[in-house]
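Here's the letter readout for the chains.
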Amino acid sequence: MTEQNQITDTFGRTHDYLRISLTERCNLRCVYCMPEDGIKLRDKSHFMTKNELVSIAKTFVKLGVKKIRLTGGEPLVRKDAKEIIIALGKLPVELAITTNAILVDQFIAVFKEAGLKSVNVSIDSLIEERFNSISRRIEFQKVKKNIDLLIAEGFHVKLNVVVIRNVNEDEIADFVSLAEHQNVHIRFIEFMPFDGNKWEWDKKVSYKEILSAVESEFGNAAIVKIKDQKNDTTKCFQIQNFKGTFGIISSVTNPFCDTCNRIRLTADGKVKNCLFSQDETDILTSFRKEEDIEQLIRAAILQKKKERGGHRNFDDDFVEDMKNRSMITIGG
Ligand code: SAM
Ligand code: SF4
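Scoring rules and cut-offs
Residues numbered from 1 in each chain as written. Chains lettered and ligands numbered in written order. Predicted model: local features only at pLDDT ≥ 70, side-chain atom pairs only at ≥ 80, totals over all residues. Heavy atoms only, no water. Helix = DSSP H or I, 4+ residues; strand = E, 2+ residues; numbered from the N terminus. Rg over C-alpha atoms; globule rule 2.2 N^0.38 Å. Buried < 20%, exposed > 50% of the residue type's maximum accessible area, 1.4 Å probe, protein only. Pairing = 2+ DSSP bridges. Core = buried A, V, L, I, M, F, W, Y, C linked by side-chain atoms within 4.5 Å. Contact = heavy atoms within 4.5 Å. Axes fitted to C-alpha atoms, helices over the stretch in contact; angles between N-to-C directions. Parallel < 35°, antiparallel > 145°, perpendicular 65-115°, else oblique. Left-handed = near helix turned anticlockwise from the far one by under 90°.

Draft legend 1. Region of interest: the overall build of the protein. What the protein contains, in helices and strands, is 11 helices and 12 strands. Taking 332 residues into account, the globule formula puts the C-alpha radius of gyration at 20 Å, and the protein, at 19 Å, falls close to it. C-alpha atoms of the protein, sized along the principal axes, occupy 55 × 45 × 45 Å. Within the protein, the fraction of its 332 residues that count as buried is 55%.

Given below as structure tokens:
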């Protein structure tokens, strides 16, 4: 791959990590992601078919993409998810998935066949009633069981926890404790603003606050900083003698834009060059007309702003002005 073939933006950032949303649908209704009134479901024709999705993914690989993460909505509710995972597993990329784990037990063999080794699972509370209240469904037991199954089957499991003030901030230490005897990685994510999720500055629990909650429980001296991976959005730590690790994603208080290598492809075939950008590039319509989508992809990335999709910060103006999609229709 020559440098010329890569997808590079005007700030010299090379984009080799593609996140593909398989669907806007979900079997949960998490309060921070799915708007209260739900989302308008559209006809199937608006969304990429399996063949379109795989062909478009191949174009990205030709342009230097080395890692593909499947997301959504809930990627595993898509009827042809198995076929898509197997097909993408044949590409020369690291394949990963972010899921709520409800259907994971039906996919263990598929993940293995596709060579998928890393699974990120969202779980925002270890208290059953609270989990069910955040996700507005009654699936806690299933999720817990499937997380244990993934660990037992040897997958590298990361648990995503969106920390929200007065909702689950009191569970930070309990989550870190899961890593004492198990090789899991807990990732605390600052609550981010998206359309319809009632975000307020004070509802987010900051990186600093999360780390200080860990310090209060385990003591400053026991926390070891681990070297972060290149392009990683997570600042990683370990409690001394714990098997697993934990990390904090400070998307709001300290976004990781400098080293961003991510491109998002929505389920309806739009490229989003940043989670917070309002611009989208329609790849699917051009693909259907057999036009050159390589140029479109490059152009989309050349428009990428330096930070936060062009927003100076996440102040009240940003939230009021926000015409971004809801998270469920972007693909987190
Ligand atoms: N359904 C899958 C799941 O929940 O893991 C994949 C899609 S979900 C949109 C991807 C990730 O985005 C999840 O880890 C979720 O916690 C995170 N997410 C959704 N809304 C968020 C928000 N407002 N702030 C921070 N993270 C959010
Ligand atoms: Fe569904 Fe994931 Fe959004 Fe929760 S975070 S509503 S599981 S897409």
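Draft legend 2. Structural view of the pairing of strand E8 (residues 235–239). The pairing of strand E7 (residues 223–225) with E8 spans three bridges and is antiparallel. Residue Val224 lies in a different strand from E8, and its bridge partner there is Gln238. Note that E8 and strand E9 (residues 245–249) share three bridges and pair antiparallel. Directly across from Cys236, in E9, lies its bridge partner Gly247.

Draft legend 3. Representation of the nonpolar core in the model. Ranked by internal contacts, the top residues of the largest apolar core, which has 96 residues, are Ile20, Ile68, Ile85 and Phe111. Considering every element that reaches this core, the biggest residue donor is helix H1 (residues 50–62), with six residues. Once residues within four sequence positions are removed from consideration, Ile85 is found in contact with Leu70, Leu76, Leu95, Ile97, Phe107, Val110, Phe111, Ala114 and Leu116.

Draft legend 4. Local environment of the sheet that holds strand E1 (residues 17–21). One open sheet holds the 12 strands; their spatial order is E7-E8-E9-E6-E5-E4-E3-E2-E1-E10-E11-E12, and the pairing between them is mixed. In this open sheet, the two edge strands, each paired with only one partner strand, are E7 and strand E12 (281–282). Bridging between E1 and strand E10 (residues 262–265) involves four bridges; their strand directions are parallel. When the bridges of E10 are listed, Tyr17 appears paired with Arg262.

Draft legend 5. How the structure looks around the packing of H1 against helix H2 (residues 81–89). Look at H1 against H2: their axes get within 10 Å of each other, and the N-to-C directions meet at 20°. Relative to H2, the element H1 is oriented roughly parallel. Crossing angle aside, the handedness with which H1 passes H2 is right-handed. When H1 is examined against H2, the residues Lys50, Leu53, Val54 and Ala57 are found in contact with a partner set consisting of Glu83, Ile84, Ala87 and Leu88.

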